[in-house]
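Residue-level listing of the chains:
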2 protein chains.
Amino acid sequence: MRRLKATISYDGTLFAGYQVQPGERTVQSELETVLTKMHKGGKVKVTASGRTDARVHATGQVIHFDTPLTIPVDRYKKALNVQLPRDIRVLDVEEVAHDFHARYSVSGKRYRYIWNCEEVQSPFSRHYSTDTNGVKPDIEKMTAAAQYIIGTHDFSCFCAANTSVIDKVRTVHSLAFSWHGEELHMTIEGNGFLYNMVRIIAGTLWEVGIGKRKAWELELIIASLDRGNAGKTAPAYGLYLEKVFYKNEI
Amino acid sequence: MRRLKATISYDGTLFAGYQVQPGERTVQSELETVLTKMHKGGKVKVTASGRTDARVHATGQVIHFDTPLTIPVDRYKKALNVQLPRDIRVLDVEEVAHDFHARYSVSGKRYRYIWNCEEVQSPFSRHYSTDTNGVKPDIEKMTAAAQYIIGTHDFSCFCAANTSVIDKVRTVHSLAFSWHGEELHMTIEGNGFLYNMVRIIAGTLWEVGIGKRKAWELELIIASLDRGNAGKTAPAYGLYLEKVFYKNEI
């Protein structure tokens, strides 16, 4: 058996999320269906770096699976792309050591959140960015607020209530805002993220950017450990899982 | 009655084309449904600069309609965008003279055709560009071939067989290629276009770009007046109606 690591991209629009759910179209089920076909019906289990929610996109999700097939890895990539639906693409396949684990070996992740601030949002970006109806926030205020988030904290305030995770301490390495034309991009990198953490951070900093909250409130919100004190969860379709980092990677 | 001119953009992916067809979702039917609702059931007929086929996109389609309502034009735009599906957006509304006609007053049009030449096409561009499976054509050859097309010709060779149009003489003012990252864009401007003309030109020049035909063959293809001598019709989802020009406009 070889263990293969694949980097994949998917358009989350038509998926009920990454993880298999009975009766739903998910990224994992599409991957496992194609791999099982390639293995002549031998069930192949795919493990990802983590789930993504319904309509969340990925430009750099990472998965691993074990295979007895001896096809060269780049032919594996082509074979998968031929059979997979067009809203999932395999960008890279490599053989890895058996102790590599797409989820447990993760050392960090980077996400991107995109707001479309055009007065009239292009019909082409409706599934790929959050429409602000032309509202343009103050990114200096958002950047000031971000400084309270960068670092190691108990991020209970940014974690969806319905979670089983106990330790809510995470480290955010970077959190930055930039304009790309009329799109506002937030990039956030950290050693791990709680359920809905990026979307709640995006929604809270957005409220700072439009003057609904002050930057300094972030210190109190984080200290409160109370989800109720943070802002709204930003919509799923503006979120992208961009890169997954692994131990012994820069 | 006032005559209003509106510039609209639409994502053609989920439309059976622009023009009303029984039982199909079309751009015209969505527009007329919303306008008729705004007019309390009084049927409103929308006239466009021309049709676009199923899955063809528009960033600058133009329509006109007559209305007894006295709402200011920019409130008209907002009201339409609130009620229209998100894959149609109204970019601009202006009042025009009663002799303006979205179709008969057209003096020219500009279309764009996009090929995605990434080795693995992004899942996000699958409906918005034609995948070349990483093949990168020679745009100098395509540009050389384009010189035979620019000018006034009988373009029967670039017209889908199933058309009722008799006069197939049109003038192409410009036809150019440019790289945008790994995307190849073709822009073509002319005083009018025959049915499928832009897609057949794109398909034929593509064959020149990959060495399947020689640039000089274009002269013979055009002179033959025979659709059978031109190349394949390029896929609809790579095509965009970008701008419609009107008399007394530059």
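Within each chain, residues carry numbers counting from 1 in the order of the written sequence. Written order decides the labels, with chains lettered from A and ligands numbered from 1. Reporting of local features is limited, given that this is a predicted model, to residues whose pLDDT is at least 70; pairs of side-chain atoms are given and counted only at 80 or more, and all residues count toward the totals for whole chains, interfaces and linings. Hydrogens and water molecules were not included; the side-chain quantities draw on all heavy atoms of the structure.

Chain A has the name tRNA pseudouridine synthase A in an unreviewed UniProt entry, where Lysinibacillus antri is given as its organism. UniProt positions are given in the numbering used here, feature names are shortened, and annotations may be inferred rather than shown by experiment. In its Sequence similarities (unreviewed entry) section, UniProt records this for chain A: "Belongs to the tRNA pseudouridine synthase TruA family." What UniProt states about chain A under its Subunit (unreviewed entry) heading is, verbatim, "Homodimer."

Visitor: Explanation requested: the domain arrangement of chain A in the structure shown.
Guide: Frequently, the measure chosen for interface size is the accessible area removed from exposure when the parts meet. All names here are of chain A. By domain assignment, chain A separates into domain 1 (2–96) and domain 2 (107–249). In this entry, domain limits derive from an automatic or database-based domain assignment. Taking only C-alpha atoms, the centre of domain 1 and the centre of domain 2 are 27 Å apart. Here, a salt bridge means any side-chain nitrogen of Lys or Arg that lies within 4 Å of a carboxyl oxygen of Asp or Glu. Between the two partners, domain 1 and domain 2, sit 1 salt bridge. Between aspartate 53 and arginine 199 there is a salt bridge, with its nearest N and O atoms 3.5 Å apart. Where helices and strands are cited, they refer to DSSP runs of H or I of at least four residues and of E of at least two residues respectively, numbered from the N terminus. Broken down by element, the side of domain 1 that touches domain 2 gets its largest block of residues, 6 residues, from strand 3 (residues 57–67). Ten residue types, Ala, Val, Leu, Ile, Met, Phe, Trp, Tyr, Cys and Pro, are classed as nonpolar, four, Asp, Glu, Lys and Arg, as charged, and the remainder, Gly among them, as polar. By residue class, the composition of the side of domain 1 that touches domain 2 is 4 nonpolar, 8 polar and 4 charged.

Visitor: Can you help me understand the relation of the copies chain A and chain B in this one?
Guide: Copies of the same chain, two in number, are related to each other by a rotation about an axis and a translation along it. C-alpha atoms of residues with pLDDT of at least 70 in both copies form the basis for the least-squares superposition of the copies. Structural alignment of chain A on chain B gives an RMSD of 0.0 Å, achieved by rotating through 180° and translating 0.0 Å along the axis. Here the two chains are linked by the operation of a two-fold rotation axis. Ranked by how close their C-alpha atoms come to the rotation axis, the residues of chain A are headed by phenylalanine 124 of chain A, at 5.0 Å.

Visitor: Explain the UniProt feature "active site" (unreviewed entry) in chain A to me, please; I cannot follow it from the model alone.
Guide: All names here are of chain A. Per the UniProt record, the feature "active site" (unreviewed entry) sits at Asp53. The topology assignment puts aspartate 53 in the loop between strand 2 (47–48) and strand 3. In what follows, a contact means two residues having at least one pair of non-hydrogen atoms within 4.5 Å. Not counting chain neighbours up to four residues away, the residues in contact with aspartate 53 comprise Gly17, Tyr195, Asn196 and Arg199.

Visitor: Help me understand helix 1 (residues 27–38) of chain B, please; the structure alone is not making it clear to me.
Guide: Every α-helix winds through 3.6 residues per turn, so residues three or four apart in the chain are directed the same way. Residue and element names in this part refer to chain B. Expected span, for any helix, means 1.5 Å times one less than how many residues it has. Over its 12 residues, helix 1 extends 17 Å from the first C-alpha to the last, a length consistent with the 16 Å expected when each residue adds 1.5 Å. Most of helix 1 is tucked away: 9 of the 12 residues are buried. Along its buried surface, helix 1 packs onto strand 1 (2–10), strand 3 (57–67), helix 2 (73–83) and strand 4 (88–96). In the stretch just after helix 1, lysine 40 is the one whose phi turns positive, near 50°. Here the term buried applies to any residue with accessible area under 20% of the maximum for its type, exposed to any over 50%, and partly exposed to those in between, with areas from a 1.4 Å probe on protein chains only.

Visitor: Just checking my understanding: could you explain the interface of chain A and chain B for this structure?
Guide: At the junction of the two partners, chain A supplies 25 residues and chain B supplies 25 residues. The term buried area refers to how much accessible surface (probe radius 1.4 Å) is lost by two components on association, counted for both of them together. Note on chain A versus chain B: buried area summed over both sides is about 1,800 Å², and carbon and sulfur give 60% of it. It is Arg86, Phe124 and Arg126 of chain A in chain A that bury the most area against chain B; as a group they hold 37% of the surface buried on that side. Applying the counting rule to chain A against chain B returns 8 salt bridges. Ionic pairing is found between glutamate 119 of chain A and lysine 77 of chain B, a salt bridge with its closest N-O pair at 3.2 Å. Counting residues per element, the ones that place at least two in the side of chain A that touches chain B are strand 1 (2–10), strand 3, helix 2 (73–83) and strand 4 (88–96) of chain A. No other element matches strand 4 of chain A, which puts 4 residues into the side of chain A that touches chain B. Tallied by class, the residues present in the side of chain A that touches chain B amount to 11 nonpolar, 5 polar and 9 charged.

Visitor: What's the story with the packing of helix 3 (residues 139–149) of chain A against helix 5 (residues 217–224) of chain A in this structure? I'm lost.
Guide: In a packed pair of helices, the relevant descriptors are the angle between the two axes and the axis-to-axis distance. All names here are of chain A. The N-to-C vectors of helix 3 and helix 5 enclose an angle of 30°; their axes lie 8 Å apart at closest approach. What the angle tells us is that helix 3 and helix 5 run roughly parallel. The interaxial crossing formed by helix 3 with helix 5 has right-handed handedness. Contact with helix 3, carried on its side by Ala145, Tyr148 and Ile149, involves Leu218, Glu219 and Ile222 of helix 5 and no other residues of that element. Orientation is described by lines fitted to C-alpha atoms, with helices fitted over the stretch in contact, and by angles between N-to-C directions that extend from 0 to 180 degrees. An angle below 35 degrees is read as roughly parallel, one above 145 as roughly antiparallel, one from 65 to 115 as roughly perpendicular, and any other as oblique. Note on convention: near helix rotated counterclockwise from far helix by under a right angle means a left-handed crossing. Clockwise means right-handed.

Visitor: Help me understand the state of the cysteines in this model?
Guide: Put plainly, a disulfide is one covalent bond tying together the sulfur atoms of two cysteines. Residues and elements named next belong to chain A. The definition used for a disulfide is geometric: two cysteine sulfur atoms within 2.5 Å. Using the criterion set out here, one finds 0 disulfides over all chains in the structure. Free of any disulfide, cysteine 159 has its nearest neighbouring cysteine sulfur in cysteine 157, separated by 9.5 Å. For cysteine 159, a relative accessible area of 3% translates into the label buried.

Visitor: For this particular structure, what's the right way to read the environment of leucine 84 of chain A?
Guide: Residues and elements named next belong to chain A. Summarising the element assignment, leucine 84 is placed in the loop between helix 2 and strand 4. Separated by 67 residues in the primary sequence, leucine 84 and glycine 17 place their C-alpha atoms 16 Å from one another. In contact with leucine 84, not counting residues within four places along its chain, are Glu30, Leu31, Val34, Arg89 and Val90.

Visitor: Quick question: what am I supposed to make of the pairing of strand 9 (residues 183–190) of chain A here?
Guide: Residue and element names in this part refer to chain A. The pairing of strand 5 (residues 106–116) with strand 9 spans 8 bridges and is antiparallel. By the bridge assignment for strand 9, tyrosine 113 is matched with methionine 186. Both strand 8 (residues 169–180) and strand 9 contribute to a ladder of 8 bridges, which runs antiparallel. If you follow alanine 176 over to strand 9, its bridge partner there is threonine 187. A pair of strands is labelled paired if DSSP reports no fewer than 2 bridges between them. Linking strand 8 to strand 9, which pair antiparallel, is a turn of 2 residues; within it glycine 181 sits at a positive phi near 60°.

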